[in-house]
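Per-entry structural report
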Amino acid sequence: MTSSSSHKHDTTRHLLGLEGMPPDRITSLLDLAENYAQLNRSCAAPRDVLRGRTLINLFFEDSTRTRTSFELAGKRLGADIVNMSVSQSSVNKGETLLDTAATLNAMRTDLLVVRHSQSGTPTLLARKVDASVINAGDGLHEHPTQALLDGLTIRRHLGTLESLTVAICGDIAHSRVARSNIHLLTTMGSTVRLIGPPTLVPKTFKQLGVNIYHHMDEGVKGVDVIMMLRLQRERMSTGLVPSAREYFRFWGLDRKRLNLARKNALVMHPGPMNRGIEIESSVADSDQSVIQQQVEMGVAVRMAVLDVLTRNKDTP
Ligand code: NCD
């Protein structure tokens, strides 16, 4: 295990986003996650790290893998976990977000994992509760643990997060996953290409230090990693894309396009996947795909985050 001394200067209590996070903090989180990944494989995670702590999963939006991943991560470290989804909570009875926060606070929650359809909700909650707040995806804003698990997956395969070229393709406009990954990858010294139709890749992204491509074949040429995104129709009020068939034809990842990337380039997807819409099934299941490893690294990264935030809270 990495000793706590390597994190003693990191006193941050919440994980709300990756924008502005210094590279050494990202590296130290990934190093600790790497340790947890190895311990998980040998079923040797230390269950005393979060013993006696309470973690609440507060999900105002659907989620399978992220919620389960946080639950497993907490359980492997010995925390008590409560899952609250909105359909069971008083929010449906008209209780405001801040009243919910006050209630959770009175219950002496240590860690609050929040997913919400509105950007900024975890930040607002963090100001109101004593718990450490972890953003599990807020609107179109950020999804920091997803980008950290993506970073760890890339680092395990390619040995570094520096000087790589990573293509993020598809529905960038609606993707908090894309935003968090742009922050992480550019901070670590890699080049990011955003690929998609102008309706889904707004020019304003240029300010984040990325290159924009509106032609898929050109965008994937020579890249080290191709990260595909789900077409998030539930966040689109008007039709921003033609039919699913047309979308696949122009923006889908098939074998022919994958062959334009560097040899053995990694294929990634945060899930849930729309097979046949943004990615061909055989590519998703190919040797170059690391999609299942992303899920595995998700648990390890969340263990590292829960561990570090708890230590930071104990030693301000
Ligand atoms: C993503 C999300 O919810 O932002 N999913 C995830 O957490 N793995 C991406 C998506 O919903 O497409």
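Structure shown above.
Scoring rules and cut-offs
- Residues numbered from 1 in each chain as written.
- Predicted model: local features only at pLDDT ≥ 70, side-chain atom pairs only at ≥ 80, totals over all residues.
- Heavy atoms only, no water.
- Helix = DSSP H or I, 4+ residues; strand = E, 2+ residues; numbered from the N terminus.
- Expected span 1.5 Å × (residues − 1).
- Buried < 20%, exposed > 50% of the residue type's maximum accessible area, 1.4 Å probe, protein only.
- Contact = heavy atoms within 4.5 Å.
- Near = heavy atom within 4 Å.
- Polar contact = N/O pair within 3.5 Å; in protein donor to acceptor, adjacent residues only side chain to side chain.
- Areas by Shrake-Rupley, 256 points an atom, 1.4 Å probe, with all protein chains shown as cover.
- Salt bridge = Lys/Arg side-chain N within 4 Å of Asp/Glu carboxyl O.

Here the amide bond leading from Gly-271 into Pro-272 is cis, since omega sits at -5°, within 30 degrees of zero. Within the fold, Pro-272 resides in the loop between strand S9 (266–268) and helix H10 (281–284). In the Ramachandran plot, Cys-43 falls in the positive-phi region, its phi being about 50° despite a non-glycine side chain. Positioned with a positive phi, Asn-264 is a non-glycine residue whose angle comes to about 60°.

Under the 1.5 Å per step criterion, the end-to-end length of helix H1 (residues 23–41) is 27 Å for 19 residues, consistent within 8% with the ideal 27 Å. Taken residue by residue, H1 has Arg-25, Ile-26, Ser-28, Leu-29, Leu-30, Leu-32, Ala-33, Glu-34, Tyr-36, Ala-37 and Asn-40 as its buried positions. In this structure, the buried side of H1 is in contact with helix H2 (65–76), helix H5 (144–158), helix H6 (176–187) and helix H11 (291–314).

Attention now goes to the site of the ligand. The immediate surroundings of the ligand are formed by Arg-65, Thr-66, Arg-115, His-143, Gln-146, Arg-176, Val-177, Arg-230, Gln-232, Pro-270, Gly-271 and Pro-272. Take Arg-115: an N or O atom from its side chain is 3.1 Å from an oxygen atom of the ligand. Taking Arg-176, its side chain carries an N or O atom lying 2.7 Å from an oxygen atom of the ligand. Within the complex, the protein chains bury 94% of what would otherwise be the 320 Å² of accessible surface of the ligand. Mapped by element, the contributors of at least two residues to the shell around the ligand are H2 and H6.

Another point: the pattern of salt bridges. The full count for this structure, using the stated rule, is twelve salt bridges. Lys-75 is paired through a salt bridge with Glu-71; the nearest N and O atoms lie 2.9 Å apart. Note that Lys-75 and Glu-71 are positioned in helix H2 at a spacing of four residues, about one turn of the helix. What makes Glu-71 buried here is its relative accessible area of 16%. For Arg-249, the salt bridge identified is with Glu-246, shortest N-O distance 3.6 Å.

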